[in-house]
Amino acid sequence: MAEEINLTVQHLLIDDEIPSKNEFKSIEKTFPYIKQHPNNPTYYTINTELTKKYFWLYARYGSPNPRPDNVLNIANFENEKNPRTENMVEQKQQLFVLYDLEDNLLYLSNIKQKGFIADLLKEKIEKEVSIKDIYKDIDEFYKIISSVEKISFTSVKRDLFSKFNNLNQVLADNYGMEEPEEFSIEAKYHRPLSQKIKNAINGLRNDEGIDKVIIRGLDDQGFDKIFNSGTFVQKISFTLDKNENGLWSDIEVKAKILEKLGLKDD
């Protein structure tokens, strides 16, 4: 029977920067992980894959409790002793995670596991990790933030770089570098949101030669908020059949996500 899978789009930061492929190279392909809880830890079995285009993580997990003493035998509707011992865990829950290295977007199948993913990456990479909600509506974003902290964008317009004539000449003379086809700019601020800043942001968003405008702001409580102009959806959804054990195939789920995102597997 087919069931729906929903993945929420998030913004991943490692040491307060957008991560590259190198950040994920230290993570093993297969490993167990225990998330500690008082009296009832969660046991994960994790598989990962890293390609030029994405980082993929699949986890099955479960906890020892609850574990009833008896189970119902549906063949005769009689209660029988639970065959699962205290040292066994049924990993009936699944988690699918994909980080798109091209668009710098994180996709999570269970938003409640966001804190776990951040803690796991922090432990494996040994750097600070944060996962933030993304706003795709600029007016909604403006209502939330009180100050602008950072604006970054990618320019594909060659004449914008050409305005920096001195820098262009130094790169050509000293390093033999030609004018780039694409370059990125990151501007850091700590300024209250004003109409002047809004006008500048709207100018960037409306410029056909500028792509991937990302804005970080703070709300009144000092929490980071992210706007990403390259994000047109906040969720992706699809349906897949589960197997006889009531689980999705991780291979089929990954293939469907890659298809949805227009990414080809290496």
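This report concerns the structure included in the present document.

So, how was this worked out
- Residues numbered from 1 in each chain as written.
- Predicted model: local features only at pLDDT ≥ 70, side-chain atom pairs only at ≥ 80, totals over all residues.
- Heavy atoms only, no water.
- Helix = DSSP H or I, 4+ residues; strand = E, 2+ residues; numbered from the N terminus.
- Buried < 20%, exposed > 50% of the residue type's maximum accessible area, 1.4 Å probe, protein only.
- Contact = heavy atoms within 4.5 Å.
- Areas by Shrake-Rupley, 256 points an atom, 1.4 Å probe, with all protein chains shown as cover.
- Expected span 1.5 Å × (residues − 1).
- Arc of directions from axis to C-beta.
- Polar contact = N/O pair within 3.5 Å; in protein donor to acceptor, adjacent residues only side chain to side chain.
- Core = buried A, V, L, I, M, F, W, Y, C linked by side-chain atoms within 4.5 Å.
- Salt bridge = Lys/Arg side-chain N within 4 Å of Asp/Glu carboxyl O.
- Phe/Tyr/Trp six-rings, centres within 6.5 Å; stacked < 30°, edge-to-face > 60°.
- Lys NZ or Arg CZ within 6 Å of the ring centre and 35° of its normal.
- Patch = residues over 30% accessible without salt bridge, like charges linked within 9 Å, V, L, I, M, F, W, Y side chains within 5 Å.

## Some words on the overall build of the protein
And step 1. For the protein, the count of helices and strands is six helices and 14 strands.
And step 2. Split into buried and exposed, the 266 residues of the protein put 39% on the buried side.
And step 3. For the protein, contacts bridging at least 24 residues in sequence account for 66% of all contacts bridging at least 6.
And step 4. Of the roughly 16,000 Å² of accessible surface on the protein, 47% is carried by carbon and sulfur atoms.

## Brief notes about helix α6 (residues 250–261)
And step 1. Helix length check: α6 (12 residues) gives 17 Å between terminal C-alpha atoms against 16 Å at 1.5 Å per residue, within 8%.
And step 2. What α6 keeps buried is the set V253, K254, I257 and L258. An end-on view of α6 places all buried positions within 130° of arc, on one side of the element. Opposite its buried face, α6 presents the exposed residues I251 and E259, each directed more than 90 degrees away.
And step 3. On its buried face, α6 is in contact with β1 (2–14), β3 (42–50), β4 (54–62), β7 (93–100) and β14 (235–241).

## Section: the side chain of S109
And step 1. Of note, S109 is situated in the loop between β8 (105–108) and α1 (114–125).
And step 2. A polar contact of 2.8 Å, which involves the side chain of S109, links it to the backbone nitrogen of F96.
And step 3. In this structure, S109 is in contact with N6, L7, Q94, L95 and F96, ignoring residues within four places of it in sequence.

## Things to note about the nonpolar core
And step 1. With 26 residues, the main nonpolar core has L12, I46, L57, F116, I117 and L121 as its most contacted residues.
And step 2. Breaking this core down by element, the ones donating at least two residues are β1, β2 (30–35), β3, β4, β7, β8, α1 and β9 (129–135).
And step 3. Among the elements that line this core, the one with the most residues is α1, at six residues.
And step 4. Apart from the residues within four sequence positions on either side, L57 is in contact with I46, N47, T48, L95, F96, V97, I117 and L120.
And step 5. With 19 residues, the next largest nonpolar core counts I5, V9, Y107 and L240 among its residues.

## Describing the pattern of salt bridges
And step 1. Across all of its chains, the model carries 11 salt bridges by this definition.
And step 2. For E28, the salt bridge is made with K124, and the minimal N-O distance between the two is 3.1 Å. With E28 in the loop between β1 and β2 and K124 in helix α1, this pair connects stretches of sequence that are 96 residues apart.
And step 3. Relative accessible area serves as the criterion here: at 34%, E28 is assigned to the partly exposed category.
And step 4. Residue K150 is joined to E186 by a salt bridge in which the shortest nitrogen-to-oxygen separation is 3.8 Å. Pair noted here: K150 is in strand β10 (residues 147–155) and E186 is in strand β11 (residues 183–192), with a separation of 36 residues, a long-range link.

## Some details on the packing of aromatic side chains
And step 1. Considering all chains together, one arrives at 11 aromatic pairs under this definition.
And step 2. Relative to F141, the ring of Y135 lies with its centre 6.0 Å away and its plane at 55°, an arrangement referred to as tilted. Neither Y135 nor F141 differs from the other in exposure class; each is buried.
And step 3. These aromatic residues form a ring-pair network of at least three members: Y33, Y44, Y61 and F116.
And step 4. The side chain of K124 reaches across the aromatic face of F31, ending 4.2 Å from its centre.
And step 5. A cation over an aromatic ring shows up here: K198 above the ring of Y142, its NZ or CZ 5.0 Å from the ring centre.

## With respect to a nonpolar patch on the surface
And step 1. A cluster of nonpolar side chains, L72, I74 and F77, forms an exposed patch at the surface whose accessible area comes to about 380 Å².
And step 2. Within the fold, I74 resides in the loop between β5 (70–73) and β6 (78–81).
And step 3. Looking at I74, the relative accessible area reads 68%, which means it is exposed.

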